Amino acid sequence: MDAVPEQAAGAAADAAEAAPGTQLNLDLYPGGCRRLLHLCAQQPLPLLRVEFLRLSTHEDPGLLEATLAQVPWSLLHLRSLVLKGGQNRGPLGACLRGALTTLPAGLSGLAHLAHLDLSFNRLETLPACVLQLHSLAALLLSHNGLSELPEALGSLPALTFLTATHNCLRRLPTALGASSTLQCLDLSENLLDAVPPEIGGLSSLCELNLASNQLRNLPASLAGLRSLRLLVLHSNLLTSVPVGLARLPLLMHLDLRDNQLRDLPPELLDAPFVRLQGNPLGKASPDGRTPPAPQDPEMPRLFLTSDLDSFSVTPRGCSVTLASGVRLHFPAGAITTPLTIHYRLWLPEPGLVSLGPHDFLLSRVLELQPHSLAFQQAVSLWLRFEPPCARRCRQVVVRTRSDGRWSDLETHVEEEAPKAPDSVSSPPHPHPPQLCLFTPNSPRLWARCRVLHFSWFLVVLRPVSNTCLVPPEGTLLCSSGHPGVKVTFPPGATEEPCHVSMQVVRMAGRELRALLGEPDAAVSPLLCLSQSGPPEFLQPVTVQLPLPPGVSGFSVDRSRLHLLYRAPPTASWDDITAQVALELTHLYARFQVTHFSWYWLWYTTKTCVEGLARKAWARLRLHRVNLIALQRRRDPEQVLLQCLPRNKVDATLRRLLERYRGPEPSDTVEMFEGEKFFAAFERGIDVDADRPDCVDGRICFVFYSHLKNVKEVYVSTTLDREAQAVRGQVSFYRDSVPVDVPPEAEAARQKKSADALWIATLPIKLPRLQGAGGHWQGAGLSLMPLNLGDAETGFLTQSNLLSVAGRLGPDWPTVALHLGVPYRVLQRIRHEFRDDLDGQIRHMLFSWAEGHAGQPGAVELLVKALEQSDRQDVAEEVRAVLELGRHKYQDSIRRTGLAPEDPAGAPALQPSPPAQA
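Notes on the structure in this doc start here. The structure displayed is predicted, hence computed values, not measured ones. (Residues numbered from 1 in each chain as written. Predicted model: local features only at pLDDT ≥ 70, side-chain atom pairs only at ≥ 80, totals over all residues. Heavy atoms only, no water.)

1. Topic: the overall build of the protein
Here is step 1: Tallying secondary structure elements over the protein gives 14 helices and 52 strands in all.
Here is step 2: Buried residues in the protein amount to 49% of all 917 residues. (Helix = DSSP H or I, 4+ residues; strand = E, 2+ residues; numbered from the N terminus. Buried < 20%, exposed > 50% of the residue type's maximum accessible area, 1.4 Å probe, protein only.)

Structure below.
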């Protein structure tokens, strides 16, 4: 039902097009209020003929109030007034609300006003002047802060259409049932827990939407709505519905999904127009009775560690938090028998991930099994993702794979960590705890969706998509982010209803001018249209695009205007200007097509623009990145490789340079989302591990702009490091690892060619080994041994710790927890070294040792942690090393004469006992 207000506004715009000079659109560009005040001051004659006015509420509140005060005096014949926010979007693609909080009382003088749209504003009460608009037929109040509606609303004599979705309504006025003209009522996405019985008096009501509220029951008077054709009640808490609904003579669609219904009249159970998914109707028990609702009000909660890859769910339901931070909520009755769920996080390989040309991946791929099982009620799923960069007209969606194809789910973005529900009867708004792999200071963002079966899931940032169902009678599709973009489907365009979708992408003017070297060049937004069903429409469809910025339809040089069409599957751009009839108005260009693809309007002096369009389209999808190669300060054989967007390089280096050092980042290069590349160590340095992402000694990468693109590897060399330091390098190349990687000399010659695969080369230096103690020295590197403890009670050197790390194996997480390593740190180590067990152990042990170096009792804490983890063998080895150290210390004391011996021969100076942890 969210598309209805947009279509109503579009219908008003179409009516204005039929009567030139009656429409005034001032919501397309900033400063609309000042322009209207200027017109009202001049009082031109055409202003008196205006019947349709659109004004953005993203203005200064004082200026907006002053402008609206002039409307009744200057626009005497106004029939449609759109004071709508939502033109601007936040970083996550959500529409931002306008500044409107009330209306001036003078607007009650608009005697001819029939359509009023106040959506996406900050209204908390309905302005009093609205109740005096006796010609008002359509009132749109969605996405405000209304907590109640006035009783007098039911007295408006001409009101036929009322929508107040996405507000805070807790009750409805009883007098609303007295309206004899109301035909469409949409109150979805509110907080209603009851409906007054008087609602049954709406004798003309055809459509009623009460979805996504908190309704537990419905009045029996709903059976008196004899004109009702559409009734939407999904996502409530209903346990029953009035029996009389089955006897409504005109009812064609009844949506009861995702409630708590356990019993329905047979007439509704068998009716083809009733949707019942997500209700615990289930099969009857062996004794013939309907299974009772679960009585235990406490919902089980599970918190899984990373060594588990499955969990069990019962018909009672549960809330589950995976170690990666993924959160699932199984409502009571979602399954009928106990079930084991398996899960796995996959690396986002291009063969698995499905991305559109302008999509960005925000998460890894989550697989939940079994795939084929259908749940009785929808399961809620939360996926954690990194905050995306601020991009206009984009939205976050969860994408899932089903029947061999990927599709987008209805997704809600939550910025706060959800809380678990108090009981199974509460609305499912659970919030997972902070068991995640992200830094504590990062924003907490979750993508929430509801699913009826399991598959693969990932989070994607895509251009805002507007969709609609095109019936044979025709319809209008408008872009929510670009008001000037719309598509008109005439009657007879299709025989059967089909779904169409629209996406719009902008290109910065400065990038285009830099590409063309032309200061006056400009382009319209890039429009992508797609459809289901037959590839061709039966009647031409009219597409409207805004003219490029700075271009007016009254003075345009048509020889410089080019309409471009991207023809699949070749992905080439064709100039079709001569093949279509391009109709120009002051702000727009209109043309007709019979099938959909990509369309782009260019204004340039260039004559052959197809090749330039291909380059510009590629520029839209490129990211400017830098590559870094850093070595751990205490272990230069541990090398960190990362590919970063240019705007993240400085912050990342500031965070890493406390533990790593290395050369400056590479020069800026460009990469596509999902592009493959690999790193090759050269000049005597090799990868010292058998890794799944290592092919012939080359480390494989896939670039995703919003993921970390980082890998840590251990390197080795066959050269003699005791004689001198090894000066090697790591080079980055595009594409997958080839069968025959060119020799270094040949690769160096290819670096200058235009189609070379080489990206960058960074130096890697392994310092010279000094003696057998494992000390390194070299220019810029001085690595002293890490001594944990003290000589008196015994100490562990870096070599001792490496020996301990080599024996821990899979038991290292237990040891880490007993050492006091926070769980979130442990999870981060697992994530950063997810393909390298040795790297996980070394990173944990040495990071802990660095933080406890010089602290009393640190060694004893390590021994105790090993014993508590059932690793007595390693603990005994550490105690033996400590005992040997103490004997050496006592012998040195005696040799220097600092401690006299007693008659029994025992030293007088005894080592003090180690401090307790």
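Structure's up, so let's keep going.
2. Describing the state of the cysteines
Here is step 1: Tallying each qualifying case throughout the model produces 0 disulfides.
Here is step 2: We note that Cys 498 lacks a disulfide partner, and the nearest cysteine sulfur, in Cys 468, lies 8.2 Å from it.
Here is step 3: Judged by relative accessible area, Cys 498 falls into the buried class, the value being 6%. (Disulfide = S-S within 2.5 Å.)

3. Some remarks on the pairing of strand E35 (residues 588–593)
Here is step 1: Counting buried residues in E35 gives 5 out of 6 residues, a clear majority hidden from the surface.
Here is step 2: For strand E31 (residues 541–546) and E35, the ladder comprises 6 bridges, and the chain directions are antiparallel. Along E35, the bridge assignment pairs Pro 546 with Tyr 588.
Here is step 3: Connecting the antiparallel pair strand E34 (residues 583–584) and E35 is a turn made up of 3 residues. (Pairing = 2+ DSSP bridges.)

4. Here's the deal with the sheet that holds strand E2 (residues 52–56)
Here is step 1: Within the open sheet, the 11 strands sit side by side as E1-E2-E3-E4-E5-E6-E7-E8-E9-E10-E11. Their pairing is parallel. With partners counted over all chains shown, the strands left at the sheet margins are strand E1 (23–26) and strand E11 (274–275), one partner each.
Here is step 2: For strand E8 (residues 207–209) and strand E9 (residues 230–232), the ladder comprises 3 bridges, and the chain directions are parallel. Across the sheet, the residue bridging to Asn 209 is Val 232, located in E9.
Here is step 3: Running over the sheet, helix H3 (residues 61–74) touches E2 and strand E3 (80–84) and is turned about 170° from E2. (Contact = heavy atoms within 4.5 Å. Axes fitted to C-alpha atoms, helices over the stretch in contact; angles between N-to-C directions.)

5. Description of the packing of aromatic side chains
Between two aromatic rings, the relevant description is the distance of the centres plus the angle of the planes.
Here is step 1: By the definition in use, this model includes 17 aromatic pairs.
Here is step 2: Ring geometry for Trp 598 versus Trp 617: centroids 6.1 Å apart, planes at 70°, classification edge-to-face. Highlighted residues: Trp 598 in strand E36 (residues 598–603) and Trp 617 in helix H6 (residues 610–621), separated in sequence by 19 residues.
Here is step 3: Taken together, the ring pairs in this structure connect Phe 311, Phe 330, Tyr 343, Phe 375 and Phe 454 into an aromatic cluster.
Here is step 4: Cation over ring: Arg 344 sits above Trp 346, and NZ or CZ is 3.7 Å from the ring centre.
Here is step 5: Taking NZ or CZ as reference, Arg 632 lies 5.8 Å from the ring centre of Tyr 660, over its face. (Phe/Tyr/Trp six-rings, centres within 6.5 Å; stacked < 30°, edge-to-face > 60°. Lys NZ or Arg CZ within 6 Å of the ring centre and 35° of its normal.)

6. Regarding the sheet that holds strand E27 (residues 486–489)
Here is step 1: Here 5 strands make up an open sheet; going across it, the order is E26-E27-E31-E35-E34 and the pairing antiparallel. Every interior strand has two partners, whereas the edge strands, strand E26 (475–478) and E34, have only one.

7. Observations regarding unusual backbone geometry
Here is step 1: Backbone torsion omega between Gln 369 and Pro 370 reads 10°, so that peptide bond is classified as cis.
Here is step 2: Looking at the element boundaries, Pro 370 is found in the loop between strand E18 (365–369) and strand E19 (374–384).
Here is step 3: At Phe 120, a residue that is not glycine, the phi angle is positive and equals roughly 55°.
Here is step 4: Its location among the elements puts Phe 120 in the loop between strand E4 (115–117) and strand E5 (138–140).
Here is step 5: At His 166, a position not held by glycine, the phi torsion is positive, near 55°.
Here is step 6: Mapped onto the secondary structure, His 166 falls in the loop between strand E6 (161–163) and strand E7 (184–186).

8. Regarding the pairing of E18
Here is step 1: Among the 5 residues in E18, 4 count as buried, and that is most of the element.
Here is step 2: By the bridge criterion, 5 bridges tie strand E16 (residues 339–346) to E18 in an arrangement that is antiparallel. Considered in E18, the bridge of Tyr 343 is made with Leu 368.
Here is step 3: Note that E18 and strand E24 (residues 456–463) share 2 bridges and pair antiparallel. Along E24, the bridge assignment pairs Leu 366 with Phe 457.

9. Notes on a nonpolar patch on the surface
Here is step 1: Taken together, the side chains of Leu 45, Leu 48 and Leu 76 define a hydrophobic patch exposed on the protein surface, amounting to about 270 Å² of accessible area.
Here is step 2: Its location among the elements puts Leu 45 in the loop between helix H2 (32–42) and E2. (Patch = residues over 30% accessible without salt bridge, like charges linked within 9 Å, V, L, I, M, F, W, Y side chains within 5 Å. Areas by Shrake-Rupley, 256 points an atom, 1.4 Å probe, with all protein chains shown as cover. Salt bridge = Lys/Arg side-chain N within 4 Å of Asp/Glu carboxyl O.)

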